[in-house]
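# Structure assessment
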Amino acid sequence: MKFYSADIVFPICSTPLKDGIVVMDNSGVVIDVFENIAFLNNALQIQIEPSVIEKFHGILTPGFINSHCHLELSHLKGRISKHNKLTGFIKELISVRKQGENEEVLDAIKSAEKNMFNDGIVAIGDISNTSITFPIKNESDLLYHTFIEVFDLSELNTEKTWNTAKELEGMLKSNNRNSKCSISPHSPYSVTPFLFQKINKNKASLISIHNQETESENILFETGSGDLKSFFEATGNNLVHIKANGKNSIQNYVPLLNNCDEIIFVHNTFSSDDDIQFAIKNVKKAWWCFCPNANLYIENTLPEIERITKATENILIGTDSLASNDQLSILSELKIITNKFPQITLHQLLTWSTINGAKALKMDNELGTLEKGKKPGLVLIENVDLQNQKITESSKSKKVA
């Protein structure tokens, strides 16, 4: 057995424990969690010497869940301009995405994954447009649900797009490890009704979609104009599949996905209260994933997270990609939220980045809480304001078990 303690232990499934003790077996499975050493000795009916308990200064939590990532874009770190709006980001992404030799791309993916592991991430909801990450996932210590992302700007391309996605799905499902996957739409504006229909008929239990990341997305669906419209027209795509009707994007496409049990809506930077309520009422289970650093990197603004918490507790945390972020760190995302929305508690933040992510990715039987029989990983967050239970700018995270 191994014994771990800290100033505060956050089991997530119960109240925080001052000087709590986590007991794990040698493989990382939780044997139990105790309030303090007296409770531990009483339960085990033996005297555990304090010297065998590994004591940390800070807080201990279950491993983090990164609910939205683009691992295959890891080679693009620093290659795309900041604060250039989504249209500027897409334009640069298209021009630089294929830059770099295959070995360079793979090395960047492996490095990004290693850093996430060391920082305490134990599972990832990862977006894939290609198969380049599949062999790495098959050998990984991290757990994955891969969202095979599809888009088509013309129904003439739909069949080819769908067939390619099904091939990728077959390849991934042949993996011995990390074969969980689902075909998912990229965004409301980049998927035709015909492709939405195919996704819907596929009846995936969980899909992901980039939602209302830019104000021009809503303008496009409301009025048929705006920056997105102009951008795609300049590339020879007139977006004839979008019929302006005065409604925001989410209210247009959610009805097209009525066979999908759960949807992770990613970004939600320009989602109104009506949009949130519409999705909640029309999706069996709606999850809201925030990637604050990416929002600042691209649009230089943040979603009103605190406002959205008044409507739902189904909130997740993601990092997006190194094309739109300087690091793939969940703690870094939590720092941004803490600074902008100080009323959001540390317990809320940790819930979103642990058990909620595990539930969304259907991994909560193993991850997300410090409970008997689970193997959730154990993360130390150092340099915390313990008195007020707040993350600080100097806080750091690392995997300890």
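Below you will find a few notes about this structure. (Residues numbered from 1 in each chain as written. Predicted model: local features only at pLDDT ≥ 70, side-chain atom pairs only at ≥ 80, totals over all residues. Heavy atoms only, no water.)

Turning our attention to the overall build of the chain. A count of helical and extended segments in the chain gives 15 helices and 15 strands. The C-alpha radius of gyration computed for the chain amounts to 22 Å, which stays within 12% of the reference 21 Å derived for 401 residues, consistent with globular compactness. Its C-alpha atoms give the chain principal-axis dimensions of roughly 75 × 45 × 40 Å. Counting across all 401 residues of the chain, residues that qualify as buried make up 56%. For the chain, restricting intrachain contacts to residue pairs at least 6 apart in sequence, the fraction spanning at least 24 positions comes to 68%. For the chain, the computed accessible surface area is about 17,000 Å², with 47% contributed by carbon and sulfur atoms. Positive and negative side-chain charges in the chain, numbering 40 and 48 respectively, have mean positions lying 3 Å apart. (Helix = DSSP H or I, 4+ residues; strand = E, 2+ residues; numbered from the N terminus. Rg over C-alpha atoms; globule rule 2.2 N^0.38 Å. Buried < 20%, exposed > 50% of the residue type's maximum accessible area, 1.4 Å probe, protein only. Contact = heavy atoms within 4.5 Å. Areas by Shrake-Rupley, 256 points an atom, 1.4 Å probe, with all protein chains shown as cover. Lys, Arg positive; Asp, Glu negative; His and termini not counted. Charge placed at Lys NZ, Arg CZ, Asp CG, Glu CD.)

Now for the layout of surface pockets. In this structure, the largest pocket spans a volume of roughly 1,300 Å³. In terms of lining, the largest pocket is formed by 45 residues, of which the most central are L93, R97, N129, E149 and F151. Those elements that provide at least two residues to the lining of the largest pocket are α2 (85-96), α3 (102-118), β8 (143-150), α5 (158-173) and α8 (227-234). Residues of the lining of the largest pocket, tallied by class, amount to 18 nonpolar, 19 polar and 8 charged. Taken as a whole, the second largest pocket holds about 360 Å³ of empty space. Together, 21 residues line the second largest pocket, and S27, D141, K375, G377 and K399 are the ones closest to its centre. When contributions to the lining of the second largest pocket are tallied by element, the ones reaching two or more residues are β1 (2-9) and β7 (121-128). Tallied by class, residues from the lining of the second largest pocket come to 10 nonpolar, 4 polar and 7 charged. (1 Å grid on protein atoms, 1.4 Å probe; cavity = no way out; pocket = protein on both sides within 12 Å on 5 of 7 lines; lining within 4 Å. Points joined across faces, edges and corners; volume = space filled by probe spheres on them. Nonpolar A, V, L, I, M, F, W, Y, C, P; charged D, E, K, R; others polar.)

Turning to the packing of α2 against α8, a few remarks are in order. Helix packing for two helices is described by the angle between their axes and how far apart those axes are. Interhelical geometry of α2 versus α8 gives an angle of 25 degrees and a closest axis separation of 9 Å. If you check the angle between α2 and α8, you find them roughly parallel. Viewed along their axes, α2 and α8 form a crossing whose handedness is right-handed. Contacts from T87, I90 and K91 in α2 reach D227, L228 and F231 in α8. By residue class, the composition of the contact of α2 with α8 is 3 nonpolar, 1 polar and 2 charged. (Axes fitted to C-alpha atoms, helices over the stretch in contact; angles between N-to-C directions. Parallel < 35°, antiparallel > 145°, perpendicular 65-115°, else oblique. Left-handed = near helix turned anticlockwise from the far one by under 90°.)

Residues other than glycine seldom take positive phi values, yet N300 does so here, at roughly 55 degrees. Here N300 is to be found in the loop between α11 (292-298) and α12 (305-309). By relative accessible area, N300 is classed as partly exposed at 45%. At Q389, a residue that is not glycine, the phi angle is positive and equals roughly 50 degrees. Among the secondary structure elements, Q389 is positioned in the loop between β14 (378-385) and β15 (390-399). Using a relative accessible area of 30% as the deciding quantity, one classes Q389 as partly exposed.

Before going further, it helps to spend a moment on the side chain of N218. Inspection of the secondary structure puts N218 in helix α7 (residues 215-223). If sequence neighbours within four positions are ignored, N218 has contacts with Q212, K247, N248, S249 and F270.

The next thing to look at is helix α13 (residues 330-340). Counting buried residues along α13, 8 of its 11 residues qualify, which places the element largely inside the surrounding structure. Turning to α13, its buried residues number three or more, namely I330, L331, S332, E333, L334, K335, I337 and T338. Capping the start of α13, S329 holds a side-chain oxygen 3.4 Å from the backbone nitrogen of L331, two or three residues further along. (Polar contact = N/O pair within 3.5 Å; in protein donor to acceptor, adjacent residues only side chain to side chain.)

This brings us to α2. The terminal C-alpha atoms of α2, which comprises 12 residues, lie 17 Å apart, in line with the 16 Å expected from a rise of 1.5 Å per residue. For α2, the complete set of buried residues consists of L86, T87, G88, F89, I90, E92, L93 and V96. Tucked inside the fold, the buried residues of α2 contact α8 and α11. (Expected span 1.5 Å × (residues − 1).)

With that settled, consider the sheet that holds strand β11 (residues 262-267). One open sheet accounts for 4 strands, arranged β10-β11-β12-β13; its pairing is parallel. Of all the strands in the sheet, just β10 (206-211) and β13 (315-317) have a single pairing partner and so form its edges. Averaged over all adjacent pairs, the angle separating strand axes in this sheet is 30 degrees, with direction ignored. Of the strand pairs in this sheet, β11 and strand β12 (residues 285-290) are connected by 5 bridges, and their pairing is parallel. (Pairing = 2+ DSSP bridges.)

Let's shift gears to the pattern of salt bridges. In this structure the tally under the stated criterion is 15 salt bridges. Between D326 and K82 there is a salt bridge, and its shortest N-O distance comes to 3.0 Å. Of this pair, D326 sits in the loop between β13 and α13 while K82 sits in the loop between β6 (64-69) and α2, and the two are 244 residues apart along the sequence. For D326, a relative accessible area of 43% translates into the label partly exposed. Given the relative accessible area of 44%, K82 is considered partly exposed. (Salt bridge = Lys/Arg side-chain N within 4 Å of Asp/Glu carboxyl O.)

So far we have only geometry, and geometry alone does not tell us how the molecule works.
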